[in-house]
Amino acid sequence: MFEDFKNEIDFFIRNKTKFSKKNFIEKDEKVLEINKAQNKYFKEIFEQYFFKTQKNNLQILDIGSKNWFYAKSMHEFFSSFSSNFTLDGVEIDGYRLYSNLYSRFEVAKYYIKDLKNTNYIVDDLLNINKKYDYITWFLPFITYEPLKYWGLPKRYFCPERLFNHALGLLNSGGQMLIINQGEKERDIQKQMLINSKTHFEFLGEIKNEFYQFENKRFGFIVRNFE
């Protein structure tokens, strides 16, 4: 009870003030190397599981982007087969501060500054109503503890509502890649997909040569054939 109240107050303050140091530049070589490896990891996943759609003006959405350090991998992948696309990243807690007093928003600005037609949106997914051809969603909050740990108020824990809303954002022929952490989240996600009666494929454990996370990650791909 107390922790949720604290999260509620903290969330209100950071979104009200939007305080942050400006003009972030990543100088930590270790962080840069990890980010480079993880960008290769994500790009390989996109290459492996997404069908490449030849369509003018592709619309792409990343849900829960945090500081969006992996935006480069997304941009490079879609640039490989499309010269005309828009890439949006939505993050509900974009003004969360790191210990260096830069917000996720300021850090994300650094990672997307050279990426054409790329937008970092600080908002609730439920307020997004644009249609998309591709959606990526890494580690959605489908159990309460991770949401609480990351400092979000309990009122934002509505996994089925968020998932159904995301499904509604898919264009006809659209694809959504979801990656969960651990067997428990995998099983909950699978049941949500079954309940939605949408067409999906379980991808099994997600791993490749470029990076291996400490905890197992599992993937699903949704394809909207309607």
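Worth saying up front: this structure is predicted, and the values here are computed from it rather than measured. (Residues numbered from 1 in each chain as written. Predicted model: local features only at pLDDT ≥ 70, side-chain atom pairs only at ≥ 80, totals over all residues. Heavy atoms only, no water.)

Trainee: An account of the pattern of salt bridges is needed here, citing residue identities and associated values.
Mentor: On inspection of all chains with the given rule, the structure shows 14 salt bridges. Asp-93 is the salt-bridge partner of Arg-14, the closest N and O atoms lying 2.7 Å from each other. Within this pair, whereas Arg-14 is found in helix α1 (residues 2-17), its partner Asp-93 is found in the loop between β2 (85-91) and α4 (104-112), the two being separated by 79 residues in sequence. Judged by relative accessible area, Arg-14 falls into the buried class, the value being 11%. Through salt bridges with shared partners, one network takes in Arg-14, Asp-93 and Arg-96. (Salt bridge = Lys/Arg side-chain N within 4 Å of Asp/Glu carboxyl O. Helix = DSSP H or I, 4+ residues; strand = E, 2+ residues; numbered from the N terminus. Buried < 20%, exposed > 50% of the residue type's maximum accessible area, 1.4 Å probe, protein only.)

Trainee: Explain α4 to me, using residue names and the numbers behind them.
Mentor: Of all nine residues making up α4, seven are buried, and the element is well covered by its neighbours. Here α4 has its buried residues at Arg-104, Glu-106, Val-107, Ala-108, Tyr-110, Tyr-111 and Ile-112. The secondary structure elements touched by the buried residues of α4 are α2 (29-49), α3 (71-79), β2 and β3 (118-122). (Contact = heavy atoms within 4.5 Å.)

Trainee: Break down the layout of surface pockets for me, with residues and values.
Mentor: The calculated volume of the largest pocket comes to roughly 860 Å³. Among the elements of the structure, α2 and α4 are those that each provide at least two residues to the lining of the largest pocket. With five residues, α2 is the largest single contributor of residues to the lining of the largest pocket. What the second largest pocket holds in volume is close to 410 Å³. Together, 16 residues line the second largest pocket, and Lys-36, Asn-39, Phe-69, Lys-72 and Tyr-111 are the ones closest to its centre. Among the elements that line the lining of the second largest pocket, the one with the most residues is α2, at six residues. (1 Å grid on protein atoms, 1.4 Å probe; cavity = no way out; pocket = protein on both sides within 12 Å on 5 of 7 lines; lining within 4 Å. Points joined across faces, edges and corners; volume = space filled by probe spheres on them.)

Trainee: An account of the pairing of strand β7 (residues 217-223) is needed here, citing residue identities and associated values.
Mentor: On a regular strand, each side chain points to the face opposite its neighbour's, so the side chains alternate between the two faces of the sheet. Burial of β7 is extensive: seven of the seven residues sit out of reach of the surface. Residues Arg-217, Gly-219, Ile-221 and Arg-223 line one face of β7 and the alternating positions Phe-218, Phe-220 and Val-222 line the opposite face, and both faces are buried. As judged from the seven bridges shared by strand β5 (residues 170-181) and β7, these two strands associate in the antiparallel manner. What sits directly across from Ile-178, in β7, is Phe-220. Here strand β6 (residues 200-205) pairs with β7 via five bridges, running antiparallel. (Pairing = 2+ DSSP bridges.)

Trainee: Account for the packing of aromatic side chains, naming residues and giving values.
Mentor: All chains considered together, the criterion is met by 31 aromatic pairs. Between Tyr-149 and Trp-150 the ring centres are 5.7 Å apart and the planes differ by 85 degrees, which places this aromatic pair in the edge-to-face class. According to the relative accessible area criterion, Tyr-149 is exposed, its value standing at 66%. Between Phe-202 and Phe-220, the ring centres sit 5.1 Å apart and the planes meet at 40 degrees, which makes this aromatic pair tilted. Here Phe-202 is found in strand β6, whereas its partner Phe-220 is found in strand β7, with 18 residues between them in sequence. The ring centre of Phe-218 lies 4.8 Å from the NZ or CZ of Arg-186, which sits over that ring. Over the aromatic face of Phe-51 sits the side chain of Arg-223, whose NZ or CZ is 3.8 Å from the ring centroid. (Phe/Tyr/Trp six-rings, centres within 6.5 Å; stacked < 30°, edge-to-face > 60°. Lys NZ or Arg CZ within 6 Å of the ring centre and 35° of its normal.)

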